[in-house]
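One-letter residues, chain by chain:
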Amino acid sequence: MSKLNKNYLSFTFLIMLACWGICLLFSLNGTSLNDNKLLYVPYVAGGLSPAIASYFSLKRCGEVAGFKDWLKNVFDFKHSILSYLVVVIMDILFILPQCLICGYEARAPIFAIIVLIPVMIVGGGLEEAGWRYILQPELEKKLPFTVSTLIVCVIWWLWHLPLFFIQGVVQYGQNFFGFGIGVLGLAFALASIRKNTGSVWLCVLFHSLANSLSGIYEVKGGMFGGIGAGSITSAIILILCSYALIKINNKKKIFH
């Protein structure tokens, strides 16, 4: 493992464990985030641990000159319409099979996504400033795409584990292994977007849009509520699409 990845993972898990550990201790004593609003401070800070660790590890390894340089690399907005369209289509392929197979309840009108996406950039999207900015490409320097993606998937999945024991968060009480199926499909989709476009921002957008759609369309049984046909079908479709996009881009260079 490269020095950059070691620094990044160490910082990420240290920050996460410290912040979510506080929330977990309160939760074990029967206090949820809804009971004590101050707990949202360590909760949000823990969720931002991949982004915080990304900046400090890149700065420490001399990969960025400063915070402005880091922001420029994360929010690289200039990409083709096709690249943005692929992000939207893959997000639809993530949620649509689950809605069709499991059923769903619309909790808000679709145009609420305009408000939700900026919120979800902080509430999930900025994780990509670490997972797909650093971890994925660093692993791919020495390992095949599939192996690298599976490693990132497992680490990303385990990073979420404390949330399943913190009262007041979305993941509390859900099926952790069912969640892992969803993470598998998303990991391949995000790795494909990063590999094909070279963009961190498009990964941030994909993640934010996926979270926003999950908030608008509540899949019956939970988005990652179990190892069922909906989550498995969604994961298979995303994985197949990811390989197809890589194969097409290698031949046609449609993203460059």
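Computed from a predicted model, the values in this text were never measured in an experiment.

Reading guide: rules and limits
Residues numbered from 1 in each chain as written. Predicted model: local features only at pLDDT ≥ 70, side-chain atom pairs only at ≥ 80, totals over all residues. Heavy atoms only, no water. Helix = DSSP H or I, 4+ residues; strand = E, 2+ residues; numbered from the N terminus. Rg over C-alpha atoms; globule rule 2.2 N^0.38 Å. Buried < 20%, exposed > 50% of the residue type's maximum accessible area, 1.4 Å probe, protein only. Contact = heavy atoms within 4.5 Å. Areas by Shrake-Rupley, 256 points an atom, 1.4 Å probe, with all protein chains shown as cover. Polar contact = N/O pair within 3.5 Å; in protein donor to acceptor, adjacent residues only side chain to side chain. Arc of directions from axis to C-beta. Axes fitted to C-alpha atoms, helices over the stretch in contact; angles between N-to-C directions. Parallel < 35°, antiparallel > 145°, perpendicular 65-115°, else oblique. Left-handed = near helix turned anticlockwise from the far one by under 90°. Nonpolar A, V, L, I, M, F, W, Y, C, P; charged D, E, K, R; others polar. Patch = residues over 30% accessible without salt bridge, like charges linked within 9 Å, V, L, I, M, F, W, Y side chains within 5 Å. Salt bridge = Lys/Arg side-chain N within 4 Å of Asp/Glu carboxyl O. Disulfide = S-S within 2.5 Å. Phe/Tyr/Trp six-rings, centres within 6.5 Å; stacked < 30°, edge-to-face > 60°.

Draft legend 1. Looking closely at the overall build of the protein. Of regular secondary structure, the protein possesses eleven helices and two strands. Moving toward the C terminus, one meets the helices and strands of the protein in the order α-α-α-α-α-β-α-α-α-α-α-β-α. Rg of the C-alpha trace for the protein: 18 Å, near the compact-globule value of 18 Å for 256 residues, within the 12% margin. Principal-axis analysis of the C-alpha atoms gives the protein an extent of 55 × 45 × 30 Å. Burial analysis of the protein (256 residues in total) assigns 49% to the buried set. Once local pairs closer than 6 in sequence are excluded, the contacts in the protein between residues at least 24 apart make up 79%. Accessible area of the protein: about 12,200 Å², with a carbon and sulfur share of 69%.

Draft legend 2. How the structure looks around the side chain of Ser57. Mapped onto the elements of the fold, Ser57 is located in helix α3 (residues 49-60). For Ser57, a relative accessible area of 0% translates into the label buried. A polar contact of 2.6 Å, which involves the side chain of Ser57, links it to the backbone oxygen of Ala53. Separated by 3.2 Å, the side chain of Ser57 and the backbone oxygen of Ser54 make a polar contact. Other than its neighbours up to four places away in sequence, Ser57 contacts Leu4, Asn7, Tyr8, Phe11 and Ile134.

Draft legend 3. Quick look at helix α2 (residues 40-47). Those residues of α2 that fall on the buried side of the exposure criterion are Pro42, Gly46 and Gly47. One side of α2 holds all its buried residues, which, seen down the axis, span an arc of 140°. Buried residues along α2 sit in contact with α1 (3-28), α3 and α8 (145-159).

Draft legend 4. Layout of the packing of helix α7 (residues 131-140) against α8. In the contact formed by α7 and α8, the axes pass within 8 Å of each other and the chain directions differ by 140°. One element, α7, and the other, α8, form an angle in the oblique class. The hand of the α7/α8 crossing is right-handed. Together, Trp131, Arg132, Leu135, Gln136, Leu139 and Glu140 of α7 and Phe145, Ser148, Thr149, Ile151, Val152, Ile155, Trp156 and Trp159 of α8 make up the contact between the two elements. Of the residues in the contact of α7 with α8, the class split is nine nonpolar, three polar and two charged.

Draft legend 5. Seen up close, a nonpolar patch on the surface. Taken together, the side chains of Leu82, Leu85, Ile89, Ile248 and Ile254 define a hydrophobic patch exposed on the protein surface, amounting to about 390 Å² of accessible area. Ranked by residue count, the leading element in the nonpolar patch is helix α5 (residues 81-102), at three residues. Of note, Leu85 is situated in helix α5. Residue Leu85 is classed as partly exposed on the basis of its relative accessible area of 46%.

Draft legend 6. Region of the structure containing the pattern of salt bridges. Applying the stated criterion across every chain, the model contains four salt bridges. Arg132 is paired through a salt bridge with Glu128; the nearest N and O atoms lie 2.6 Å apart. Across the pair Lys141 and Glu138 runs a salt bridge, and its minimum N-O distance is 2.6 Å. Judged by its relative accessible area of 16%, Glu138 is buried.

Draft legend 7. Representation of the state of the cysteines within the structure. Counting across every chain of the model gives zero disulfides. Of all cysteine sulfurs, the one in Cys203 lies closest to Cys241, which takes part in no disulfide; the gap is 16 Å. The class for Cys241 is partly exposed, based on a relative accessible area of 24%.

Draft legend 8. Looking closely at the packing of aromatic side chains. Per the stated rule, a full pass over the model turns up 20 aromatic pairs. Geometrically, the ring pair formed by Phe145 and Tyr243 is edge-to-face, given 5.9 Å between the ring centres and 80° between the ring planes. With Phe145 in helix α8 and Tyr243 in helix α11 (residues 229-252), this pair connects stretches of sequence that are 98 residues apart. Note on Phe145: relative accessible area 11%, which makes it buried. Using a relative accessible area of 33% as the deciding quantity, one classes Tyr243 as partly exposed. Ring plane angle 45° and centroid distance 5.8 Å describe the contact between Phe188 and Tyr243, whose orientation is recorded as tilted.

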